[in-house]
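Coordinate inspection notes
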There are 2 protein chains.
Amino acid sequence: MKLTSGVEQAACIIVMLSTQAADIPVTSDVISERLGVSPSYLKKIMRKLVVRGLIKSVPGVNGGFVLAKTPACIPIIDLVDAIEGNEPIFQSTGLVRKAFGDIEVAEKGFLKFENIVNEAQEAFRAKLSDITVEKFLQETIDTNEIQVKDWNQKSDEDND
Amino acid sequence: MKLTSGVEQAACIIVMLSTQAADIPVTSDVISERLGVSPSYLKKIMRKLVVRGLIKSVPGVNGGFVLAKTPACIPIIDLVDAIEGNEPIFQSTGLVRKAFGDIEVAEKGFLKFENIVNEAQEAFRAKLSDITVEKFLQETIDTNEIQVKDWNQKSDEDND
DNA sequence: TCTTTTGTAGATAAAAGATATCCACTATCC
DNA sequence: GGATAGTGGATATCTTTTATCTACAAAAGA
């Protein structure tokens, strides 16, 4: 029961794109260098975010990636779902039938257990649906004005 | 973000011990055969449940395993914790510093993100803390009277 | 239109963790 | 003291995650 490190990578990516000057795509090479992974691997991650509808890819010269929605419309759970998928956290291997036989009460107990865990997972998801990327950024920088920059510019001032 | 199959195995084990005639330990060989795993592997799982304080081991002739608490005192979360441990679901690899530099706002954002996910995990755990093994069994069998048997008896009636 | 720059997709390999087993050892009951 | 139970270490296998390379497709711009 761990989130993969891909979630952390996705979070960093979304933060970059959320603070990117409007209408200027960020190239994947810039991001891959920041994250310290190969361009090809970085693109795999980006692709997941594209498929999930969080970001858009812009092909061609001066292309790259931009947010597909405003940060206010991206709940944190979307990052997790994009990387991990949103499958049930508990999936049976059919062990109950093997252990107790293919009888009604076993089947019922199995479904009940599955249900209990799924409800817990729903509570987890609900918490992460409540907070958006925008809110997360605002609370981090202690202001509602999110500064933008052009991440493509290498050493504008390498902080912030 | 998946629960390991060990949780399912632990659940089956606890169900067996919860329906076991009082004061008669169930041998690990009986359980390992039911679950279809090797005796040595089954004992590893049992050990985790012992360490967590859910079951007790009884060495010697006519020994085996018995519940350490009544089913009413075992919340489902204990099964998960016993097998998976209860570490934070999100653990950073230090990527934020690599990506954004070792600056204050990055550190703060990282902690904030960690906090958000941890709170979601708490919601998950709270749900599984609310329901006990006893309640789970009662709702499965539709009665408050949990029948017991001796699982060591091979084919008493191989159902239930 | 053609070249360059960008993203897309498949094959593949290395690393980590989960799953599982064997065997030697220890403790306890009878 | 011998048989039967659990404990612990070393180890093998399998799956998933992480990561990379290379070939390919699409679009902007000259």
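Data block above holds the structure.
Here is a short report on the structure shown in this document. (Residues numbered from 1 in each chain as written. Chains lettered and ligands numbered in written order. Predicted model: local features only at pLDDT ≥ 70, side-chain atom pairs only at ≥ 80, totals over all residues. Heavy atoms only, no water.)

**Brief notes about the environment of Val 30 of chain A**
Residue and element names in this part refer to chain A. When you line up the elements, Val 30 lands in helix 2 (residues 28-35). When the C-alpha atoms of Val 30 and Val 133 are compared, they prove to be 21 Å apart, with 103 residues separating the residues in sequence. Setting aside chain neighbours within four positions, we find Val 30 in contact with Trp 151 and Asn 152. (Helix = DSSP H or I, 4+ residues; strand = E, 2+ residues; numbered from the N terminus. Contact = heavy atoms within 4.5 Å.)

**Quick look at the packing of aromatic side chains**
Per the stated rule, a full pass over the model turns up six aromatic pairs over all chains. With a centroid separation of 5.2 Å and 75° between ring planes, the pair formed by Phe 90 of chain A and Phe 113 of chain A is classed as edge-to-face. With Phe 90 of chain A in the loop between helix 4 (76-84) and helix 5 (95-100) and Phe 113 of chain A in helix 6 (residues 104-130), this pair connects stretches of sequence that are 23 residues apart. The exposure class of Phe 113 of chain A is buried, given its relative accessible area of 6%. For the ring pair Phe 100 of chain A and Trp 151 of chain B, a centre distance of 5.7 Å and an interplane angle of 70° mean the geometry is edge-to-face. Taken together, the positions of Phe 100 of chain A in helix 5 and Trp 151 of chain B in the segment after helix 7 (133-141) put the pair across two chains. You can call Phe 100 of chain A buried: its relative accessible area is 9%. Taken together, the aromatic side chains of Phe 90 and Phe 113 of chain A together with Phe 136 of chain B make up a single cluster linked through ring pairs. One cation-aromatic arrangement involves Lys 149 of chain A over Trp 151 of chain A; the distance from NZ or CZ to the ring centre is 4.2 Å. (Phe/Tyr/Trp six-rings, centres within 6.5 Å; stacked < 30°, edge-to-face > 60°. Buried < 20%, exposed > 50% of the residue type's maximum accessible area, 1.4 Å probe, protein only. Lys NZ or Arg CZ within 6 Å of the ring centre and 35° of its normal.)

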